[in-house]
Amino acid sequence: AVVSTQSGHYGRDELEFTELIEKLRLEKDEVESFVIEAIGARLIRGKINEPEEKVMVSSTTNRTFTEQEWKLIKTKLENWQKNLNAVQENMKNGYYAMPLGAS
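As for the nonpolar core
Leu-20, Leu-24, Val-31, Phe-34, Val-35 and Val-55 are the most contacted members of the largest nonpolar core, which totals 16 residues. Counting only elements with at least two residues in this core, the list comes to α1 (17-24), α2 (31-40), β3 (54-60) and α3 (67-92). For Val-55, the contacting residues outside a window of four places in its chain are Asp-13, Glu-14, Leu-15, Phe-17, Leu-20, Val-35 and Lys-47.

Set out below in structure tokens:
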């Protein structure tokens, strides 16, 4: 597993984007959103160093993720992104615009 440490781990682990791409079968442009989701879900604490294409992991939850679990998270993120894109497209096309004179 890419991230498997104990809760309360206070080391300074670095993960290269290339390692995440390879291990999780992500596209390069998916890495950042994947890490943001993991941070938002409180699975890891860390920061993205975009210029150096690294993730600085300061701590993780107490569990090891299987490849299947990472795939599930990836699928959920992809669906979430598709839904957001559809909403954005509908807004651009005026499907969510309020009629004139409506309050």
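So, α3
The end-to-end C-alpha distance of α3 is 37 Å, a good match for the 38 Å that 26 residues give at a rise of 1.5 Å each. Note on α3: the residue one or two positions beyond its end, Gly-94, has a positive phi of about 85°.

Let's talk about the environment of Gln-81
Position of Gln-81 relative to the elements: it lies in helix α3. In this structure the C-alpha to C-alpha distance between Gln-81 and Ser-33, which are 48 residues apart in sequence, comes to 9.5 Å.

Considering unusual backbone geometry
Of note, the phi angle at Arg-42 is positive, near 60°, even though the residue is not glycine. Positionally, Arg-42 belongs in the loop between α2 and β2 (44-49). For Arg-42, a relative accessible area of 70% gives the class exposed. The phi dihedral of Glu-53 is positive, around 50°, even though this residue is not glycine. Tracing the chain through its elements places Glu-53 in the loop between β2 and β3.

About the thresholds
Residues numbered from 1 in each chain as written. Predicted model: local features only at pLDDT ≥ 70, side-chain atom pairs only at ≥ 80, totals over all residues. Heavy atoms only, no water. Core = buried A, V, L, I, M, F, W, Y, C linked by side-chain atoms within 4.5 Å. Buried < 20%, exposed > 50% of the residue type's maximum accessible area, 1.4 Å probe, protein only. Helix = DSSP H or I, 4+ residues; strand = E, 2+ residues; numbered from the N terminus. Contact = heavy atoms within 4.5 Å. Expected span 1.5 Å × (residues − 1).

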